[in-house]
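# Structural characterization, general
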Amino acid sequence: MALLIAILCGTVGALAAFILTRHLGAGTLVAIGSSGATFLGVTSTVKCIQEKLGVL
């Protein structure tokens, strides 16, 4: 369940990054790359926080 929460947080972050970069005028590939990097960063951060809290 904790990993699912981390993945969902990463998905929300990636969607927000995609929308923001497209709104600011970036190309489609740049927006996809930015959202992919954001997904990995947010998911890793949430997973690390969960490990520190003892949830995982």
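Before any of the text, the structure's been laid out above.
All of the points below concern the structure found in this document. As the structure is a prediction and not an experimental result, all values here were calculated from the model. (Residues numbered from 1 in each chain as written. Predicted model: local features only at pLDDT ≥ 70, side-chain atom pairs only at ≥ 80, totals over all residues. Heavy atoms only, no water.)

## Focus on the overall build of the chain
Looking only at helices and strands, the chain features two helices and zero strands. Radius of gyration (C-alpha) of the chain: 13 Å, far over the 10 Å computed for a compact globule of 56 residues. In terms of principal-axis extent, the alpha carbons of the chain reach across some 40 × 15 × 15 Å. Within the chain, buried positions represent 21% of all 56 residues. Sequence-distant contacts in the chain: of pairs separated by 6 or more residues, those separated by 24 or more amount to 63%. (Helix = DSSP H or I, 4+ residues; strand = E, 2+ residues; numbered from the N terminus. Rg over C-alpha atoms; globule rule 2.2 N^0.38 Å. Buried < 20%, exposed > 50% of the residue type's maximum accessible area, 1.4 Å probe, protein only. Contact = heavy atoms within 4.5 Å.)

## Side note on helix α1 (residues 2-23)
Over its 22 residues, α1 runs 32 Å from end to end, which matches the ideal 32 Å to within 8%, given 1.5 Å per residue. When we look at burial in α1, the residues that qualify are A2, A6, G10, G13, A14, A17 and T21. One side of α1 holds all its buried residues, which, seen down the axis, span an arc of 110 degrees. Those residues of α1 that are exposed and aimed more than 90 degrees away from the buried face are V12, L15, I19 and H23. Those residues of α1 that are buried are in contact with α2 (28-53). (Expected span 1.5 Å × (residues − 1). Arc of directions from axis to C-beta.)

## A word on the state of the cysteines
Throughout this description, disulfide means a covalent bond between two cysteine sulfur atoms. In this structure the tally under the stated criterion is zero disulfides. We note that C9 lacks a disulfide partner, and the nearest cysteine sulfur, in C48, lies 14 Å from it. On the basis of relative accessible area, C9 is assigned to the partly exposed category, the value being 33%. (Disulfide = S-S within 2.5 Å.)

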